[in-house]
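Below are the chains, spelled out letter by letter.
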Amino acid sequence: MAKHAITLNVNGQAMDVAVDSRELLIHTLRDRLRLTGAHIGCETSHCGACTVDIDGASVKSCTLLAVQCQGAEIHTVEGLATADGLHAVQQAFTQEHGLQCGFCTPGMLMRTYRFLQENPDPTDDEIRHGMAGNLCRCTGYQNIINAVRVAGEKLRQGEAEPAE
Ligand code: FES
Ligand code: FES
């Protein structure tokens, strides 16, 4: 199968990788770059467990070919924390008990990271709509809604700036 040499900018680092024509970005991230935080929960683009941030948008990485991402700026959950500690969205999910098994969490965090830049002071309704592309089988969502609200408060107070 034909290989394509591409460069992905992942969490601020340029990474050269040879990918198959039909390779999905989620497999490149997990299997070639060993960034196994992003997960796979379906084959129909519904669950959002594979969500990463690409060029300023939340993207389901199971629904994109790696070759389409040549030169893209990609942020994954592994890049959220800094030397100063956890990002505000990670702190808030921890404080508000917004996770149980943790399988949906990397996708939830990456969606929250972008959603709060799209809408820094959302209502609970707006949070529910904004997070509708991410499914969770454990939490019943309420603590996730709380976590997104609290993360927004933290960011507005400047406790942790989004790592852009
Ligand atoms: S793995 Fe379910 S939407 Fe990507
Ligand atoms: S915490 Fe288990 S699927 Fe969301």
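Quick look at the structure, then.

For the rest of this paragraph, the subject is the overall build of the protein chain. For the protein chain, the helix and strand inventory stands at five helices and five strands. Counted from the first residue to the last, the protein chain has its helices and strands arranged as β-β-α-β-β-β-α-α-α-α. Here the C-alpha atoms of the protein chain give a radius of gyration of 16 Å, agreeing with the 15 Å that 2.2 N^0.38 yields for 164 residues. Projected onto its principal axes, the C-alpha coordinates of the protein chain cover approximately 45 × 30 × 25 Å. Put simply, the protein chain has 164 residues, and 48% of those count as buried. The long-range share in the protein chain, meaning contacts at least 24 apart out of those at least 6 apart in sequence, stands at 57%. Entry remark: accessible area of the protein chain is about 8200 Å², with carbon and sulfur atoms responsible for 49%. Mean positive and mean negative side-chain charge positions of the protein chain (13 and 20 charges, respectively) differ by 8 Å.

Residues Leu-80, Phe-93, Met-108, Leu-116 and Val-148 are the most contacted members of the largest nonpolar core, which totals 23 residues. When contributions to this core are tallied by element, the ones reaching two or more residues are α2 (88–95), α3 (105–118) and α5 (142–156). In terms of nonpolar packing, the next biggest core, distinct from the first, is built from 21 residues, Val-10, Leu-25, Leu-64 and Ala-72 among them.

On to the packing of α2 against α5. Remark: α2 packs on α5, axes separated minimally by 8 Å, with the N-to-C direction vectors making an angle of 140°. In this view, α2 runs oblique relative to α5, as classed from their interaxial angle. Crossing angle aside, the handedness with which α2 passes α5 is right-handed. Residues Ala-88, Val-89, Gln-91, Ala-92, Phe-93 and Gln-95 of α2 form the contact with α5, whose own contacting residues are Ile-144, Ala-147, Val-148, Val-150, Ala-151, Lys-154 and Leu-155. In terms of residue class, the contact of α2 with α5 is built from 10 nonpolar, two polar and one charged.

Moving on: the packing of α2 against α3. To describe two helices that pack against each other, one gives the angle between their axes and the distance between the axes. Taken N-terminus to C-terminus, the directions of α2 and α3 make an angle of 120°; their axes are 9 Å apart at the nearest point. One element, α2, and the other, α3, form an angle in the oblique class. For the crossing formed where α2 meets α3, the hand is right-handed. In this structure, α2 uses Val-89, Gln-90 and Phe-93 to contact α3, whose residues at the interface are Met-108, Leu-109, Thr-112, Tyr-113 and Leu-116.

Every other side chain in a regular strand lies on the same face of the sheet, so the side chains alternate between the two faces. In this sheet, strand β4 (residues 57–60) lies alongside strand β3 (residues 51–54) in antiparallel orientation, the contact comprising four bridges. For Thr-51, the partnering residue across the bridge sits in β4 and is Lys-60. Here β3 folds back onto β4, and the loop between the two strands holds two residues, one of which, Asp-55, carries a positive phi near 50°.

The strand order β2-β1-β5-β3-β4 describes an open sheet built from five strands, whose pairing is mixed. Every interior strand has two partners, whereas the edge strands, β2 (13–20) and β4, have only one. Across the sheet, the mean angle separating the axes of adjacent strands is 40° when strand polarity is ignored. Relative to β2, strand β1 (residues 3–10) runs antiparallel, the two being bridged by eight bridges. From the neighbouring strand, Asn-9 faces β2, where its bridge partner is Ala-14. Running at roughly 110° to β2, helix α1 (residues 25–32) makes contact with β1, β2, β3 and β5 (73–75) of the sheet. The strands touched by α3 within the sheet are β3, β4 and β5, with β3 carrying the most contacts at an inclination of about 35°.

Reading the values: rules and limits
Residues numbered from 1 in each chain as written. Chains lettered and ligands numbered in written order. Predicted model: local features only at pLDDT ≥ 70, side-chain atom pairs only at ≥ 80, totals over all residues. Heavy atoms only, no water. Helix = DSSP H or I, 4+ residues; strand = E, 2+ residues; numbered from the N terminus. Rg over C-alpha atoms; globule rule 2.2 N^0.38 Å. Buried < 20%, exposed > 50% of the residue type's maximum accessible area, 1.4 Å probe, protein only. Contact = heavy atoms within 4.5 Å. Areas by Shrake-Rupley, 256 points an atom, 1.4 Å probe, with all protein chains shown as cover. Lys, Arg positive; Asp, Glu negative; His and termini not counted. Charge placed at Lys NZ, Arg CZ, Asp CG, Glu CD. Core = buried A, V, L, I, M, F, W, Y, C linked by side-chain atoms within 4.5 Å. Axes fitted to C-alpha atoms, helices over the stretch in contact; angles between N-to-C directions. Parallel < 35°, antiparallel > 145°, perpendicular 65-115°, else oblique. Left-handed = near helix turned anticlockwise from the far one by under 90°. Nonpolar A, V, L, I, M, F, W, Y, C, P; charged D, E, K, R; others polar. Pairing = 2+ DSSP bridges.

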